[in-house]
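Observations on the model geometry
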Amino acid sequence: MEQTDLRAPALTAAVRPATPQQRAARAARNGGEPTLEFAERVPYDAYVHASTLHTLQQPVSSDPGEMSFLMVSQIMELYFGLTCHELRQAQRDLRADRVWEALAPLRRAALHLEGLNAAWRGLRWMTPADFNRFRNLLGEGSGFQSAMYRHLEFLLGLRDPALIRPFRRHEQVYDELCATLAAPSLWDDVIALLARRGAHLPAELLDRDVAVEHAAHPLVEAAWVEIYGDDGPDNHLRLLGEALTEVAEQFGDWRWNHVKAVQRTMGAKVGSGGSAGLAWLQRSMARVVFPELWSARTAM
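Computed from a predicted model, the values in this text were never measured in an experiment.

Looking at the packing of helix α4 (residues 66-95) against helix α5 (residues 99-119)
- Between α4 and α5, the shortest axis-to-axis distance is 8 Å and the interhelical angle comes to 170 degrees. One finds that α4 runs roughly antiparallel with respect to α5. Note that α4 runs across α5; the crossing there is left-handed.
- Residues that form the contact of α4 with α5 fall into these classes: 17 nonpolar, 4 polar and 4 charged.

Overview of the packing of aromatic side chains
- For the structure shown, the criterion picks out 11 aromatic pairs.
- Arranged with centres 5.3 Å apart and planes meeting at 40 degrees, the rings of F69 and F131 form a pair that is tilted. Here the residue F69 occupies a position in helix α4, and F131 occupies one in helix α6 (residues 128-135), the gap between them amounting to 62 residues.
- Exposure remark for F69: the relative accessible area of 22% places this residue in the partly exposed category.
- On the accessibility criterion, F131 (7% relative accessible area) is buried.
- These aromatic residues form a ring-pair network of at least three members: F80, W120, Y149, F251 and W254.
- Over the aromatic face of W294 sits the side chain of R297, whose NZ or CZ is 5.5 Å from the ring centroid.

Quick look at a positive patch on the surface
- Together, R121, R124, K260 and R264 line one region of the surface with positive charge.
- Secondary-structure assignment places K260 in helix α12 (residues 236-266).

Structural notes on the pattern of salt bridges
- For the structure shown, the criterion picks out 11 salt bridges.
- Where R98 meets D93, a salt bridge forms, and the shortest distance between an N and an O atom there is 2.8 Å.
- Under the relative-accessibility criterion, R98 is labelled partly exposed at 34%.
- As a salt-bridge pair, R150 and E153 come within 2.6 Å of each other at their nearest N and O atoms. Of the two residues, R150 and E153 both sit in helix α7 (residues 147-155), 3 residues apart, roughly one turn of that helix.
- Here E153 falls in the buried class, since its relative accessible area comes to 5%.
- Each member of the salt-bridge network shares a partner with another, and the members are D63, D130 and R133.

A closer look at the environment of H200
- The residue H200 is located in the loop between α9 (186-196) and α10 (203-206) in this model.
- Sequence separation between H200 and L219 is 19 residues; the distance between their C-alpha atoms is 7.2 Å.

Here's the deal with a negative patch on the surface
- A cluster of acidic residues, E114, E246, E249 and D253, forms a negative patch at the surface.
- Of the residues forming the negative patch, the biggest block, 3 residues, is contributed by α12.

Here's the deal with the environment of W125
- Within the secondary structure layout, W125 lies in the loop between α5 and α6.
- Among the residues examined, W125 registers a relative accessible area of 34% and is labelled partly exposed.
- For the pair formed by W125 and S68, sequence separation is 57 residues and the distance between their alpha carbons is 9.7 Å.
- The residues contacting W125, other than those within four sequence positions of it, are G65, S68 and D130.

Regarding the nonpolar core
- Formed by 58 residues in total, the largest nonpolar core has its most connected members in W224, L244 and F290.
- Of all the elements in the fold, those that place two or more residues in this core are α4, α5, α6, α7, α9, α11 (218-228) and α12.
- Considering each element in turn, this core owes the most residues, 12 residues, to α12.
- Of all hydrophobic cores here, the second largest spans 8 residues; its members include A147, F154, L177 and A211.

Things to note about the packing of α6 against α12
- As a packed pair, α6 and α12 sit with axes 7 Å apart at the nearest point and diverge in direction by 85 degrees. Judged on the interaxial angle alone, α12 and α6 are roughly perpendicular. For the pair formed by α6 and α12, the contact residues are P128, F131 and R135 on the first element and R264, T265 and M266 on the second.

Basis of the calculations
Residues numbered from 1 in each chain as written. Predicted model: local features only at pLDDT ≥ 70, side-chain atom pairs only at ≥ 80, totals over all residues. Heavy atoms only, no water. Axes fitted to C-alpha atoms, helices over the stretch in contact; angles between N-to-C directions. Helix = DSSP H or I, 4+ residues; strand = E, 2+ residues; numbered from the N terminus. Parallel < 35°, antiparallel > 145°, perpendicular 65-115°, else oblique. Left-handed = near helix turned anticlockwise from the far one by under 90°. Nonpolar A, V, L, I, M, F, W, Y, C, P; charged D, E, K, R; others polar. Phe/Tyr/Trp six-rings, centres within 6.5 Å; stacked < 30°, edge-to-face > 60°. Buried < 20%, exposed > 50% of the residue type's maximum accessible area, 1.4 Å probe, protein only. Lys NZ or Arg CZ within 6 Å of the ring centre and 35° of its normal. Patch = residues over 30% accessible without salt bridge, like charges linked within 9 Å, V, L, I, M, F, W, Y side chains within 5 Å. Areas by Shrake-Rupley, 256 points an atom, 1.4 Å probe, with all protein chains shown as cover. Salt bridge = Lys/Arg side-chain N within 4 Å of Asp/Glu carboxyl O. Lys, Arg positive; Asp, Glu negative; His and termini not counted. Charge placed at Lys NZ, Arg CZ, Asp CG, Glu CD. Contact = heavy atoms within 4.5 Å. Core = buried A, V, L, I, M, F, W, Y, C linked by side-chain atoms within 4.5 Å.

So, in structure tokens, the structure goes:
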């Protein structure tokens, strides 16, 4: 089962398709001014659901700074989901050998990750004293428990089955995480594509258990060295490599920004979710996304 991260909103009476001619006629009737009266719900809200979004912030303290922490966390969740949406589209394109078409969702994913990184800036005001004013009220709540972040890690090839255990009692979320873990990662799909394009890769690599994290392989690295040796304008695989590199780099920046944010707000304290906090995050950064794409650069 493939999870659908983003669903098209249902058309309502307030959200109707409009032709260019209808828009031009409306502008003429309004004399160039915006429409201010609607028979039903405001169309923007019917599409974006802004009125719903702004009810989802429910702080647990009276501290005015908590709203920043809560809303930035929600923004990050939305970016996790949006990035997963793009990576799944890229997978569909790669499985169908549409390399050129896969570049667009990968480039969008990198830009979404750039926006995700920018979200950290909204928390740079927070000192340990600021965080301590409401941290204890969070109980065991922790970003470690983000299901959508786990989907993102699994899609990028960072696979640890133990990390889905917190969701066992949330059946739908758990089943969706199991499905993502059991399906090939984006990097698995890239490796399969390279094999179809003539790279000499062993069967044990192509037929391995995809639920287990991929270990860097010298023949995958060699394939990328060969791809980058062709600087022709029609070398779509090289363009694919650069699009993947941008995704990996932006994701790596997010992980590093997370480390810095934890250092700034809580130092080396134990994490609220029970982990070693800073030390756990630092160890996790040793796991590299798309490893052969980086190691191949030494041989280029």
